[in-house]
Structure formats: C-alpha cells, structure tokens
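As a plain string of letters, each chain reads:
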Amino acid sequence: MSFSGKVKEELFGQTGRSRHCQLAELAALFGCLGQVILERDGNYIIKFTTENLTVLKKCYILIKKALRIEPDFSVRGHHQYLLYIFDGDESEQFLRAIQVPADLSLVSKKLIQKTCCRRAFIRGLFLACGSMTDPNRSYHLELAIGVKEHADEIREILGVCGLEAKVIERKNMYVIYMKEGSAIADFLNVIGAHVALMEFENVRILKEMRNSINRQVNCETANIKKAVSAATRQITDIQYIHDTVGFGNLSENLSQIARLRLENPDVTLKELGDMLEPPLGKSGVNHRLRRLSEIAEDLRRRM
C-alpha cells in the first residue's frame, strides 16, 4: 500500500466526536467529490463519486452518524464507487446541514469557525483529493482541486491553521502543495494522522542523520584532497629549489623545514612542526612552506 493509502486508512478511523466536526469533514468531502442532481419533480439527489473505497466508506459513516441518514451506494466498473441520497427530504436535510454556500465558495465560513472543525475539514480534503509521496523518496504532499478560487480558499484555511502551502496549475487542475518536511509533519498532525506522522518523522530523522554523515564525509574528503594537493605542491617547489640552487642559500629555518618536508611527504603540518627543534606551531610551519613556494616561483620567473 502506498504511503497516501496508509494515511487515508488511518484517517478512516478518525471521526470527530462532535456533530459540527463531522459536518465540517463531510462538507470537504462533498465539496471535492459530490454533486447535486435536480430531478424533474423538483427534488434533489445527492451523489458522491470516488475511486477510493475507504473514502466512500468514510462518507457513508459521516452521513449516517451526523444526519441519521442511510445512503445507497453502488460500484461502476472496477474502481468507481458511487454513494447516493435519493430521498428529496433527506437531500435537502443534507444540504442544510453542511450549509452549502450560495456564493460558490467551497465551504461556509460558519461551518469551520472552530479550530477542531477546521482540522476536520482539512482531514476531509486530504481524504477526497490529497496525496503524499513516500517520504523515503521525497517530501511532497498535495491537494488537487478543479477550481482556482477553491484552491485559493483552501490555501487560506491552511494558513489559518499555521500551514504554509503554494498553488500551481497542472493539467486543468489547481494543486495546493507542500515540499518542506516540517510543513508536511505539521499537516499530518493537524489532520490527526499520528501513526503516519510517527513513521514520517522516523524517516526524516534517519535521512537527516544520513545527510549529516555524508556532509561530514564529503567535508573530510575535501580537506584531505586539499591537504594532499598542498603537500604535493610544496614538495614540487622544494624539489625545484633543491635541483636549481640547492638549500645552501636558504636560511637555517627554511632549510630545516624543506628537508623535513622532502623526507616526510605524507605528514601533516602539525606533525612537521613537532619534528622541529624547538617545535613549531601549524601556522608557523605553514608560513615557512609558503615562503619556500614564493622562492620557487621567483626562481621560475628568473630562469
């Protein structure tokens, strides 16, 4: 099962105890999956369509719990599940309960005034139109909706809950998405997917540890390469001085460090300094070697 599937299976069992939270979640599901069909006799039929059986069962349970209505359902093909409220009076009861906005908004502001109701609404959104990449691969969570104004509305509701998201257009859909691990973790916490959150955070910790180790290894490798390159250059310069003019014209300090470096090409600057009498610090050794390189460059220009 995909990570999205695991999250939705967990959310199937997360049903608000209060009727107002149940209605908020139901409003989100209807806003994404539902439609109103007007019959010739003037009655309404409520219809939900989804490709996820878990989501269909959640719609069924919420309608039954919050409204005491038992909807009908059917299956079309292999992956399309339909849920209906055929009775006209029950359909009107449903529409009144979820307060379908007259201004074509996705949800009535009255229905999500409370924090718990906003959380339930966002939970319903994820069930209806959400998906999430396996965190072992990458961090990506999105909600896909067909109307730009609804996408902007959802983004605003997420913002009220402290969740920052962006919106892009993709294949005639508007996608509200998050790519930051911390933001996705906060989202899972808001919708009550605590088991998924634990798994997600475990993956994040392991990935961050792995990345940290890789950064340290890369840094150490770069330092080693830098040190090897510097030592090779120093030996080349010292050997050039030796082969052209010899060490006789060098000061005693420079002659001493030059001989030590040729005899010990693999040791560090600190180890070179410890070999001197008296011992010399790393910066002092570096200064003398740098002076030898300057002498070598000066000889190359003159010869």
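Scroll up to find the structure.
The shown structure was predicted, so the numbers you read here are calculated from the model rather than taken from an experiment.

Draft legend 1. Broad picture of helix α7 (residues 181-191). Burial of α7 is extensive: eight of the eleven residues sit out of reach of the surface. What α7 keeps buried is the set Gly181, Ala183, Ile184, Ala185, Phe187, Leu188, Val190 and Ile191. In the segment just after α7, Gly192 is the residue with positive phi, at about 85°.

Draft legend 2. Quick peek at the sheet that holds strand β6 (residues 141-145). Pairing within the open sheet is antiparallel, and its four strands lie in the order β5-β6-β8-β7. A strand with exactly one partner marks an edge of an open sheet, and here the two such strands are β5 (130-132) and β7 (166-170). Each neighbouring strand pair of the sheet contributes to a mean axis angle of 25°, computed without reference to strand direction. One ladder, built from three bridges, connects β5 with β6; its direction is antiparallel. Bridged to Ser131 within β6 is Glu142.

Draft legend 3. Summary view of the packing of aromatic side chains. With the rule as written, the count across this model stands at seven aromatic pairs. A ring pair is formed by Phe30 and Phe94, whose centres lie 5.3 Å apart and whose planes are at 70°; its orientation type is edge-to-face. Of this pair, Phe30 sits in helix α2 (residues 19-33) while Phe94 sits in helix α4 (residues 88-97); the two residues are 64 residues apart in sequence, bridging distant segments of the chain. When its relative accessible area of 0% is taken as the criterion, Phe94 is described as buried. Ring pairing ties together the aromatic residues Phe30, Phe48 and Phe94, which thus form one cluster. Taking NZ or CZ as reference, Lys57 lies 5.2 Å from the ring centre of Phe12, over its face. In this structure, Lys207 packs its charged tip against the face of Tyr139, placed 4.3 Å from the ring centre.

Draft legend 4. Region of interest: the packing of helix α1 (residues 3-12) against helix α3 (residues 53-67). Axis separation between α1 and α3 bottoms out at 10 Å; the angle between their running directions is 15°. In terms of axis orientation, α1 runs roughly parallel to α3. Relative to α3, α1 is oriented so that their crossing is left-handed. Residues Lys8, Glu9, Leu11 and Phe12 of α1 form the contact with α3, whose own contacting residues are Thr54, Lys57, Lys58 and Ile61. Its residues placed into classes, the contact of α1 with α3 shows three nonpolar, one polar and four charged.

Draft legend 5. The pairing of strand β1 (residues 34-38), seen in detail. Sheet analysis places β1 next to strand β2 (residues 44-50), joined by five bridges and oriented antiparallel. Residue pairing across strands places Val36 opposite Ile46, the latter belonging to β2. From the end of β1 to the start of β2, which pair antiparallel, there are five residues, and Gly42 there has a positive phi angle of about 90°.

Draft legend 6. A look at the pattern of salt bridges. What the rule picks out here adds up to 15 salt bridges. The partner of Lys6 in a salt bridge is Glu199, with the nearest N and O atoms 3.7 Å apart. On the criterion of sequence distance, the pair formed by Lys6 in helix α1 and Glu199 in helix α8 (residues 194-244) is long-range, its members being 193 residues apart. Of the charged contacts in the structure, one is a salt bridge between Glu153 and Lys109, with a shortest N-O distance of 3.7 Å. One end of the pair, Glu153, is in helix α6 (residues 148-160); the other, Lys109, is in the loop between α4 and α5 (115-129), and 44 residues separate them in sequence. Overall, Glu153 belongs to the buried group, its relative accessible area being 9%. Judged by relative accessible area, Lys109 falls into the partly exposed class, the value being 48%.

Criteria and thresholds
- Every residue gets a number counted from 1 within its own chain, in the order that chain's sequence is written.
- Only residues with pLDDT of at least 70 get local features here, since the model is predicted, and only at 80 or more are side-chain atom pairs given and counted; chain-wide, interface and lining totals rely on the full set of residues.
- Side-chain measures here rest on the full set of heavy atoms in the structure, leaving out hydrogens and waters.
- A 1.4 Å probe rolled over the protein chains alone gives each residue an accessible area, and that area as a share of the maximum for its type sets the label: buried under 20%, exposed over 50%, partly exposed in between.
- To qualify as a helix, a DSSP run of H or I must reach at least 4 residues; to qualify as a strand, a run of E must reach at least 2; elements of each kind are numbered from the N terminus.
- DSSP bridges decide pairing: two strands pair if at least two such bridges lie between them.
- Each axis is a line fitted through C-alpha atoms, taken for helices only over the stretch in contact, and angles between the N-to-C directions span 0 to 180 degrees.
- Paired rings are identified among Phe, Tyr and Trp, the last through its six-membered ring, by centres lying within 6.5 Å, and are further divided according to the angle between planes into stacked (under 30 degrees), edge-to-face (over 60) and tilted (the rest).
- In our convention, an over-ring charge means Lys NZ or Arg CZ found within 6 Å of a ring centre and within 35 degrees of that ring's normal.
- Note on angle classes: values under 35 degrees are labelled roughly parallel, values over 145 roughly antiparallel, values of 65 to 115 roughly perpendicular, and the remainder oblique.
- Here is the rule for handedness: rotate from the far helix to the near one, and if that takes an anticlockwise turn smaller than a right angle the crossing is left-handed, while a clockwise turn gives right-handed.
- Every residue pair with non-hydrogen atoms within 4.5 Å of one another is taken to be in contact.
- Residue polarity follows a fixed list, in which Ala, Val, Leu, Ile, Met, Phe, Trp, Tyr, Cys and Pro are nonpolar, Asp, Glu, Lys and Arg are charged, and the others, Gly among them, are polar.
- Here, a salt bridge means any side-chain nitrogen of Lys or Arg that lies within 4 Å of a carboxyl oxygen of Asp or Glu.

That's the geometry; what it means functionally is another story.
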